[in-house]
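# Structural features, examined
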Amino acid sequence: MVKDASVVVHTHWDREWYLTNEEYTARLLRVFPSILESLRAGQIENFLFDGQTAALEDLLGQCEPGLAEAVAGFAREGRINVGPWYVMPDEFLCSGEALVRNLEEGIRVSKEHGQNAFVGYLPDAFGHAAQMPQIFQGFGIRAAVVWRGAGIEGDIFEWRSPNGDQVRCVFLPQGYYQNPFSKIEYVQAATRYFDGLADKAGRAPLLLAQGGDHLAPPDNLKDRISRFNSAQKKYRLKQTTLHRHAMEKCSDDSRPWPVLAGELRDNSNAFVLPDVLSSRRYLKRLNQQAEDRLLGQVEPLLAAAGLGERYPRRYLRETWKLLLQQHAHDSICGCSIDEVHQEMIVRFRRVQNRLDAMETLACEEIGLQGSRLNRPEAPSPFADDARMTAFNPSVKSRSGWHPVHVFLEGAKAAGLEVKDQAGEPCEAIVCDCEEHRSFASPVDDFPEHAAGHLYEVFVRLEMEGWESKALRFAKMPALGASAPLPPSDNRTRLAISNDWLSVSLSESGIRIENIRSGDAVETALSIISEGDAGDSYNYSPPSAPWISEAKIAGARRRPFGAHGAELEISFRLCQPKSLNASRSGASGERVASHGVLKMRLFSGEPFVRATLRWTNKAKDHRLRLALPLGEKVASTASDSAFSLVERPVAYREEQTSLPEREARVSVNPSYSFVAVGKFSIGHLAMQEYEILDRGETDLLALTLIRCVGWLSRRDLASRGAGAGPDFETPGAQCIGSEEFRFILSVGGAAEDRLSLREAEEFRRPMLFLRGAGEVTDQPIKMRSGELPVSSCRQVGAELEIRLFNPTAKRQEYEISGGSARRVSLAGKDIESRPGIVEPGGIATLRIRR
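Here the structure is a predicted model, which is why all the values come from computation and not from measurement.

Definitions and limits used
- Residues numbered from 1 in each chain as written.
- Predicted model: local features only at pLDDT ≥ 70, side-chain atom pairs only at ≥ 80, totals over all residues.
- Heavy atoms only, no water.
- Helix = DSSP H or I, 4+ residues; strand = E, 2+ residues; numbered from the N terminus.
- Rg over C-alpha atoms; globule rule 2.2 N^0.38 Å.
- Buried < 20%, exposed > 50% of the residue type's maximum accessible area, 1.4 Å probe, protein only.
- Contact = heavy atoms within 4.5 Å.
- Lys, Arg positive; Asp, Glu negative; His and termini not counted.
- Charge placed at Lys NZ, Arg CZ, Asp CG, Glu CD.
- Pairing = 2+ DSSP bridges.
- Axes fitted to C-alpha atoms, helices over the stretch in contact; angles between N-to-C directions.
- Polar contact = N/O pair within 3.5 Å; in protein donor to acceptor, adjacent residues only side chain to side chain.
- Salt bridge = Lys/Arg side-chain N within 4 Å of Asp/Glu carboxyl O.
- 1 Å grid on protein atoms, 1.4 Å probe; cavity = no way out; pocket = protein on both sides within 12 Å on 5 of 7 lines; lining within 4 Å.
- Points joined across faces, edges and corners; volume = space filled by probe spheres on them.
- Nonpolar A, V, L, I, M, F, W, Y, C, P; charged D, E, K, R; others polar.
- Disulfide = S-S within 2.5 Å.

## Digging into the overall build of the protein
Regarding its fold elements, the protein presents 13 helices and 44 strands. In terms of overall size, the protein behaves like a compact globule, its C-alpha atoms giving a radius of gyration of 28 Å where 849 residues would be expected to give roughly 29 Å. The principal-axis extent of the C-alpha atoms belonging to the protein is close to 90 × 65 × 55 Å. In the protein, which comprises 849 residues, the proportion classed as buried is 61%. Considering only contacts in the protein between residues 6 or more positions apart, those separated by 24 or more positions represent 74%. Considering the protein, the positive charge centre built from 105 side chains and the negative charge centre built from 114 side chains are found 2 Å apart.

Listed below in structure tokens is the structure:
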């Protein structure tokens, strides 16, 4: 019996990977003329340009006008297919909101080129987030195509999100990189491919994705397919589009298809390359800082400021595009050549510069700040932070301690006094101070520096949604002295405490205790390093493994008056300098890495605030923060795109020889929150964790840095084949200093545990703006319980707020300050119960003020 098969001609186009974006763009200019010739000649009926639009912009931005016109023409005719993505993202290292904006921008650009039919194309992402079906459905996308992460037999399945939304998926059993018709012996190569596929693919039509990474199709493809059809009787091939194939394949309702629920990280069919979660951690930090500032501060500020025609729509869109370019999976995952990631650092700096500019624009428009020196009625552009405005950029109320850096000109103050507009004192803690120079550039005069000091301050405030409070910071003459740093062999007990917790240092190490419940963990925090003979994709232990533990070198206690205290602990880690020449074990040379951990307790807070500054001097290892759990645990929970995912514990597999397969996935993604046993942790970009079996107890290991010197290797104990070209990447050894910030709670009771809300507030703090005034006279207030706010932005004349429900219970919300309607992710009106978000649901509201 002859089996029908679809041929989808495509290329998978990483904008940067083992070449830079400039080099890949130049390659586009070489490849596309032959693609256009094949389209004109009818040798290619349709061409799939990788389901994204950023590469199309690269091409059109650099090619000659005639080629650009031809590409645009074929796109309008539906013969060149692009979208729905702007870039092909990693789904775990960026926020759910960034995934929405990625699709939003990709679909917008696609429609500008005449595209209207989309498939959720995810051929090479390193696993898939649980909420992707709901996100696709929100944009009207009913079918998807995936490869990595799907643990099924066959080639069709239903993929279900936590809220119950489903998309039907085409699975690529042998992956997207298949180019048999590019071979000299193409009849034999294609026959072998379809023979290998037939047992896995279920019902016809079968699918050949003819193409691969940065490849051009053969210029006589139609002729070769015709000869193939004539040369054998088992398969009959025809060219089609991915959308047509998916719709035909997925329209078969004659039998139930298997259902996969939640995230897809199974590696039984394809490598998922899980340790990209920790490769080049500095990229993850820079990305999360940019995302949180853009989503949590700048967009809400622009919306609240009521800028009218001055609203920077185009500038904001281009800022988003620049950030989204960083989310391409080989970029944000840190698994490209060094030059690529050096360019990413520059782009992240450009994003921050643009965010600075938009914040300044808003502050000038509402009168907080001035841009002209020769306008005495306006605020001086050289003003320091003696007068500031606290603005709650969230529509939800906030209370507690809020961090702010305050620059004051002149000599160092012994302390600061903070008062509100009515002259009433505000509780404040001055934690640190350093010399600093501020710089201002008026638009009507010469730029100047100002010398002074930068103070790290925490102010206790209660703020409603979008509320502003004018504050005055004044120098005062009283600041508590710090206890001297004892010698490293002095093990005198040191402790700090508040109403909830105590943190102490003793002979047994660091102890964290919940004073209210009595839940305690001995030696709760340690820093460990283990040898890593892997590459940027996978951790791999050397055949002679090693583990080194950092030793406490000294400590001191710093009181913050009646409001809190700090315990500062210095560590020294004596460890192997690198692998030996054969990569089988540690080299004989040793180095000393070091770090300082500051743990703070403030009055009224049920968690520890911690900052670790670490200087790494070793290569070929993985550094982790280790917390003994004091018990065996069956599962963990962490946040991912629009969800809180519970996962059963999977211990690390003993790794020896794994031909053509990958070791069991034991590391897990976390965007900013982890809950396990009696521990809850909110963090900034510590996005990989693992549960380690320690006999009668388990240990939580949060990866800090992973130091490897290769993009890919083919001799790993944890993976039976290469994952890319074998380039050396000395920059991935991450020699130098990094900062890690997190909050930690201990205790099993609900009131003792951190929530996603607190993790969100930790990542997206209150906004303190130079100058005194009011940001908006039209505040928006929301009561939403455990519903995190994903975004708050201006869309046209309306305010858009997006919420999600990470719980298994229906949650309610209430909004004051405007009339709200519910829309889809694509902005279309939908029917829903007002004030309700169902379990696992994402709710997008449009509010007219």
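## Some thoughts on the sheet that holds strand β1 (residues 3–9)
Taken in spatial order, the 3 strands line up as β8-β1-β9 in an open sheet, and their pairing is parallel. Two strands in the sheet have a free side with no partner beyond their single neighbour: β8 (206–210) and β9 (235–239). Between one strand axis and the next, the sheet turns by 30° as a mean value, whatever way the strands run. Where β1 lies against β8, 5 bridges are found, and the strand directions are parallel. In the sheet register, Ala5 faces β8, and the bridge partner there is Leu206.

## A word on the environment of Phe602
Locating Phe602 in the fold gives a position in strand β25 (residues 590–602). Between the alpha carbons of Phe602 and Ala565 there is a distance of 6.8 Å; along the sequence they are 37 residues apart. Excluding residues within four positions of it along the chain, Phe602 makes contact with Trp401, Ile429, Cys431, Phe458, Asn498, Phe560, His563, Gly564 and Arg609.

## Here we look at the side chain of Asp124
Here Asp124 lies in the loop between β4 (120–122) and α5 (132–138). A polar contact is formed between the side chain of Asp124 and the side chain of His329, at a distance of 3.0 Å. Setting aside anything within four residues of it in sequence, one finds Asp124 in contact with His12, Trp147, Arg148, Tyr176 and His329.

## Quick word on the pattern of salt bridges
What the rule picks out here adds up to 65 salt bridges. A salt bridge links Arg285 to Glu738; the nearest nitrogen and oxygen atoms lie 2.6 Å apart. Taken together, the residues Arg285 in helix α9 (residues 281–305) and Glu738 in strand β35 (residues 736–746) connect sequence positions 453 residues apart. Note that Arg624 is salt-bridged to Glu690, the shortest N-O span being 2.7 Å. Remark: Glu690 occurs in strand β33 (residues 688–694) and Arg624 occurs in strand β27 (residues 621–628); sequence separation between them is 66 residues.

## A word on empty space enclosed by the protein
Within the structure shown, the criterion is met by 13 cavities of 30 Å³ or more. Along the walls of the largest cavity sit 19 residues, with Asp639, Tyr671, Arg763, Arg764 and Phe804 positioned nearest its centre. Broken down by secondary-structure element, the contributors of at least two residues to the lining of the largest cavity are α4 (96–112), β28 (635–640), α13 (756–763) and β38 (789–795). A per-element tally of the lining of the largest cavity places α13 first, with 4 residues. For the lining of the largest cavity, the residue count by class is 8 nonpolar, 6 polar and 5 charged.

## A short note on the pairing of β8
Of all 5 residues making up β8, 5 are buried, and the element is well covered by its neighbours. Here β8 shows two buried faces, one formed by Leu206, Leu208 and Gln210 and the other by Leu207 and Ala209.

## What about the sheet that holds β27?
Read from one edge to the other, the open sheet built from 6 strands follows the order β22-β21-β27-β34-β33-β30, with strand pairing classed as antiparallel. Because the sheet does not close on itself, it has two edges, and the strands there are β22 (547–549) and β30 (667–669). Taking each pair of neighbouring strands and ignoring which way they run, the sheet shows an average axis angle of 35°.

## Some details on the state of the cysteines
This model, assessed by the stated rule, comprises 0 disulfides. Cysteine Cys250 shares no disulfide, and the gap to the nearest cysteine sulfur, in Cys169, comes to 7.4 Å.

In short, shape yes, function no, at least from these values alone.
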